[in-house]
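Descriptive analysis of the structure
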Amino acid sequence: MSVNTVVLSGRLGDDPKFFNSKNNSTVATFSVAVSDNYKDQRGEWQDRTYWIKASAFSSYLVEKVQNLHKGYQVFIQGKLTSSSFIDKNTNQNRQSVDVQIESLTILDFGKTKDIAQNNSMNQQQFNQQNQYQHNQNQMQQGQQQYGQNGYHQNSMTQRSYNPQNQNDNFNPDLPF
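Here is a short report on the structure shown in this document. (Residues numbered from 1 in each chain as written. Predicted model: local features only at pLDDT ≥ 70, side-chain atom pairs only at ≥ 80, totals over all residues. Heavy atoms only, no water.)

What follows is about the overall build of the protein chain. Of the regular secondary structure elements, the protein chain holds three helices and six strands. Counting helices and strands in the order they occur from the N terminus, the protein chain gives β-β-β-β-α-β-β-α-α. Split into buried and exposed, the 176 residues of the protein chain put 25% on the buried side. The long-range share in the protein chain, meaning contacts at least 24 apart out of those at least 6 apart in sequence, stands at 52%. (Helix = DSSP H or I, 4+ residues; strand = E, 2+ residues; numbered from the N terminus. Buried < 20%, exposed > 50% of the residue type's maximum accessible area, 1.4 Å probe, protein only. Contact = heavy atoms within 4.5 Å.)

A separate point is the pattern of salt bridges. Oppositely charged side chains can pair when the atoms bearing their charge come close. Per the stated rule, a full pass over the model turns up five salt bridges. Of the charged contacts, one joins Asp40 and Arg42 as a salt bridge, the two residues approaching to 3.4 Å between their closest N and O atoms. Residue classification places Asp40 among the buried residues on the basis of a relative accessible area of 18%. In this structure Arg42 comes out as exposed when scored by relative accessible area, which is 64%. Close ionic contact of Arg94 with Asp87 constitutes a salt bridge, the shortest N to O distance being 3.6 Å. Look at the salt bridges and you will find they share partners, linking Asp40, Arg42 and Glu44 into a network. (Salt bridge = Lys/Arg side-chain N within 4 Å of Asp/Glu carboxyl O.)

Take the nonpolar core next. Of all hydrophobic cores here, the largest spans 20 residues; its most connected members are Phe30, Leu68, Ile76, Ile101 and Leu104. Discounting residues that sit within four places of it in the chain, Leu68 has contacts with Leu12, Pro16, Phe30, Val74, Leu104 and Ile106. (Core = buried A, V, L, I, M, F, W, Y, C linked by side-chain atoms within 4.5 Å.)

On to the pairing of strand β6 (residues 93-106). Of the strand pairs in this sheet, strand β4 (residues 45-56) and β6 are connected by two bridges, and their pairing is parallel. Its bridge partner lying in β6, Ser55 is registered against Gln100. Where strand β5 (residues 73-86) and β6 come together, 13 bridges link them in antiparallel fashion. Note that in β6 the partner of Lys79 across the bridge is Gln100. Hairpin connection from β5 to β6: six residues lie between these consecutive antiparallel strands, with Asn91 at a positive phi of about 60°. (Pairing = 2+ DSSP bridges.)

Structurally, Leu107 can be placed in the loop between β6 and α2 (109-118). Once the C-alpha coordinates of Leu107 and Gln73 are considered, the two residues, 34 residues apart in sequence, prove to be 5.3 Å apart.

Another aspect to go through is the pairing of β4. As paired strands, strand β3 (residues 26-39) and β4 are joined by twelve bridges and run antiparallel to one another. Paired with Phe30 across the bridge in β4 is Ala54. In sequence, β3 turns back onto β4 through a hairpin of five residues, with Gly43 there showing a positive phi of about 85°.

Spelled out as structure tokens, the structure:
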């Protein structure tokens, strides 16, 4: 089994760019600066910044990206994708690793409120979008805590039904 999941929080390095794909759908791309820090050999803290290219393909996400500008802080969930291209300057074959966005949350709440008002989005729609994102986060937390099968991983033990065992109280005909 393998997992291809990326979670990033960072700031846009430039305004998003939009273009039409071969199948006439709109694609949005932008770069996100994500940072971390580490101690160097002298024991001093150093900051390191990575620039990650992110792409949105679904119409819902492209619409959200239209509200973003350089410097906005975002939270992205997605998956890694790779592509190869020929560098125009060196004529060499290059490879790029990008993030295909599956979920996008704008973390600059003051700016998000302004965006909602500027786009004539009523407060109810705005709250529904925030509630949807909150529900998605709650589901993910539940899956982490309870796993795929719905059982708390630390408190439940599995037991198999053995019809030969008369002391087994398990009844497969019960509706629950």
